[in-house]
Amino acid sequence: MNRKTLSFITRATLCFFFVAALSACHHAEKHNHEEENEEQHEKHSPDEIILEPEQAKSAGVEIQTVVRSTFNDVIKVSGSIVAASCDETTIVAPVDGVVNHTRHISEGIAISQGSNLYRISSDKLQEGDYVQRTKINYLAAKREYDRAVPLVKDKIISEKEFNAIRSEYETAQLAYNAIDKNPSDNSVMVKSPITGYMKQCLVKDGDYVSVGTPLMIVTKNQHLYLRAEVPVRHYDVLSKITTAKFRTQYSNDVIDLKTLNGTLLSSGKSAVTSSSYIPITFQIDNKGSLVAGSYAEIFLVTGQRSDIVNVPTSSLTEEQGLYYVYLKTGDHTYRKQEVTLGATDGEFSEI
């Protein structure tokens, strides 16, 4: 049974709306009562719908009274949901060498803090194995330091010379201790510093990397940014924007930022280079239903007006560019009525 959304407005500017199986219920009702109520049906106009209370109940009809109330002034723009920079960590190579993954990985997999991600080896490079070279330098510096300790006590070497030897030893020790060595060989292990999800793998098995080369991006995925692109013509009202509502490309639900602890982070003071749009960014909590990288239809709230008749946007029907609601004219009769729309905040539309 096809379901349509209907709404109704009385002469006193009250509005009733419901979700019902319009055409199916109408045809069924007409067929059931055609013979006994033929004269009564002839009195109804073509724009009237008859829906018995039993039919309305079985179809899940919901009726609500809508009165004049406050309504949000909005700017409707487009934008996107992006990952929050404060939630992302880029893992880099601690040494030069050839990369090998320690496990099968793909974007989106869970990663725990301290888990092994890569093994970097340099034993086949011209410079030699990095771990071995670091160990050799450390042991040589340690031997020199151990030799210098009694000498400085006996005044055989100067305090200045001893301090230089100790500095070289401590530097070599730091470099050696900083290497997370693989017990089975001389390769260096790269571990995740945080718990989260792999957003992007930046290298492949066999790639050569130098110190500081980005290997992987890991995200906690706890926070997201909602980034709106506002046309320059609305620059004079940017200071009035405090919150917003949005609808993603994969859902018809309108989400209020207040339900996601949304806060306004920044409002651009100039247009983006080679563009006539000003960026506005909100930070929101990710409660698991939002996908970073997806596009969104955004309704920026700039203020409120009072004494406005507004109905749920879902209660409107559209035919060839014209919009309609259905007025409740009796206990089980409803009449189709064309309306002129004002502003909309995604959830409600001004009549």
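Residues numbered from 1 in each chain as written. Predicted model: local features only at pLDDT ≥ 70, side-chain atom pairs only at ≥ 80, totals over all residues. Heavy atoms only, no water.

A.B. asks: Quick question: what am I supposed to make of the overall build of the protein here?
C.D. replies: When helices and strands are tallied, the protein shows 5 helices and 24 strands. Within the protein, the fraction of its 351 residues that count as buried is 38%. Put simply, the protein shows about 20,400 Å² of open surface, and 48% of that area lies on carbon and sulfur atoms. (Helix = DSSP H or I, 4+ residues; strand = E, 2+ residues; numbered from the N terminus. Buried < 20%, exposed > 50% of the residue type's maximum accessible area, 1.4 Å probe, protein only. Areas by Shrake-Rupley, 256 points an atom, 1.4 Å probe, with all protein chains shown as cover.)

A.B. asks: Sorry, what's going on with helix H5 (residues 159-177) here?
C.D. replies: Think of an α-helix as turning once every 3.6 residues; residues three or four places apart then point the same way. Over its 19 residues, H5 extends 27 Å from the first C-alpha to the last, a length consistent with the 27 Å expected when each residue adds 1.5 Å. Close packing links the buried residues of H5 with helix H4 (130-153). (Expected span 1.5 Å × (residues − 1). Contact = heavy atoms within 4.5 Å.)

A.B. asks: Would you explain the layout of surface pockets in this entry?
C.D. replies: Its boundaries defined by the atoms lining it, the largest pocket holds a volume of some 300 Å³. With 3 residues, the top contributor of residues to the lining of the largest pocket is strand S11 (residues 196-201). Here the lining of the largest pocket is composed, by residue class, of 7 nonpolar, 6 polar and 3 charged. (1 Å grid on protein atoms, 1.4 Å probe; cavity = no way out; pocket = protein on both sides within 12 Å on 5 of 7 lines; lining within 4 Å. Points joined across faces, edges and corners; volume = space filled by probe spheres on them. Nonpolar A, V, L, I, M, F, W, Y, C, P; charged D, E, K, R; others polar.)

A.B. asks: For this particular structure, what's the right way to read the confidence of the model for the protein?
C.D. replies: Detail in the predicted coordinates should be disregarded across regions flagged by low pLDDT. Per-residue confidence for the protein gives a mean pLDDT of 80; residues scoring 70 or more make up 83%. Contacts of residues 1-42 to residues separated by more than four positions or lying in other chains number 98 contacts, the stretch itself having pLDDT below 50. (pLDDT = per-residue confidence, 0-100.)

A.B. asks: How should I be thinking about the side chain of Glu 350 in this particular structure?
C.D. replies: Mapped onto the elements, Glu 350 comes out in strand S24 (residues 348-350). Residues in contact with Glu 350, not counting those within four places in the same chain, are Phe 71, Arg 305, Ile 308, Val 309, Asn 310, Thr 340, Leu 341, Gly 342 and Ala 343.

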